[in-house]
Structure formats: structure tokens, C-alpha cells
Amino acid sequence: MALYITDECINCDVCEPECPNNAISPGEEIYEIDPMLCTECVGHYDEPQCQQVCPVDCIPKDPNHEESKEELLRKYEIITGAA
């Protein structure tokens, strides 16, 4: 399951540099996560780094993009060329 950023985002800019897949970028009003690039840090870290640094806890799992750990790992392999 990819993550997403809620409208509680304060645009503090700490999550964007933490994303190893460059899935986070500034949106029109708040930061956004590209679900095609988000692997919840599977393949890179044990837990999502953006969630760890977010001061307002506004990065939950996206119920519209459910993926298993295996699917996230496969996406990581495709994105990084590790496949």
C-alpha cells in the first residue's frame, strides 16, 4: 500500500529529502506522494522514512493503493533496476 499526505501537512519540507524513491514532491497546496513510486521504503529501510520525520503525523497508508509487502518489493526492484 502506498502512503499519502493528508491536508494536515504543514509544508515543513522534511519528508521530501527522506524518500529514497523520489516519490514525494510539492503539490499545489501540500506535498504529494506518487503512488507509482512509493514503496513505503520496502527494499531501502525497515519503515517509511517520511513517516518517521513528519512532525504532524500526516502520512498514513493510502487505502486507494493497497499493495502487499511482496508487491512493494517488486515495485522497488523495478524502480531501482534491482530486478
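These numbers were taken from a predicted model, which means no experiment stands behind them.

Criteria and thresholds
- Residues numbered from 1 in each chain as written.
- Predicted model: local features only at pLDDT ≥ 70, side-chain atom pairs only at ≥ 80, totals over all residues.
- Heavy atoms only, no water.
- Salt bridge = Lys/Arg side-chain N within 4 Å of Asp/Glu carboxyl O.
- Helix = DSSP H or I, 4+ residues; strand = E, 2+ residues; numbered from the N terminus.
- Buried < 20%, exposed > 50% of the residue type's maximum accessible area, 1.4 Å probe, protein only.
- Patch = residues over 30% accessible without salt bridge, like charges linked within 9 Å, V, L, I, M, F, W, Y side chains within 5 Å.
- Areas by Shrake-Rupley, 256 points an atom, 1.4 Å probe, with all protein chains shown as cover.
- Lys, Arg positive; Asp, Glu negative; His and termini not counted.
- Charge placed at Lys NZ, Arg CZ, Asp CG, Glu CD.
- Expected span 1.5 Å × (residues − 1).
- Arc of directions from axis to C-beta.

### Quick word on the pattern of salt bridges
When the charged atoms of two side chains lie near each other, side chains of opposite charge can form a pair.
Working step 1: Tallied over the entire structure, the rule returns three salt bridges.
Working step 2: Across the pair Glu40 and Lys61 runs a salt bridge whose closest N-O atoms are separated by 3.0 Å. With Glu40 in the loop between β2 (31-33) and α1 (49-53) and Lys61 in the loop between α1 and α2 (69-80), this residue pair connects regions lying 21 residues apart in the sequence.
Working step 3: Classification of Lys61 by relative accessible area gives partly exposed; the value is 46%.

### Some words on a negative patch on the surface
Working step 1: Taken together, the side chains of Asp7, Glu8, Glu28, Glu29 and Glu32 define an acidic patch exposed on the protein surface.
Working step 2: Among the secondary structure elements, Glu32 is positioned in strand β2.

### Observations concerning unusual backbone geometry
Working step 1: Within the chain, Glu40 stands out as a residue other than glycine whose phi angle is a positive 55°.
Working step 2: A positive phi angle, near 50°, is found at Asp57, a position not held by glycine.
Working step 3: Considering the arrangement of structural elements, one finds Asp57 in the loop between α1 and α2.

### Digging into α2
Working step 1: The terminal C-alpha atoms of α2, which comprises 12 residues, lie 16 Å apart, in line with the 16 Å expected from a rise of 1.5 Å per residue.
Working step 2: Taken together, the buried positions of α2 are Leu72, Lys75 and Tyr76. Summarising the axial view, the buried residues of α2 lie within an arc of 105°, below the 170-degree limit, and thus occupy one face. Opposite its buried face, α2 presents the exposed residues Glu70 and Ile78, each directed more than 90 degrees away.
Working step 3: At the exit of α2 stands Gly81, carrying a positive phi of roughly 80°.

### With respect to the environment of Gln52
Working step 1: One can find Gln52 in helix α1.
Working step 2: Separated by 37 residues in sequence, Gln52 and Cys15 have C-alpha atoms that sit 8.7 Å apart.

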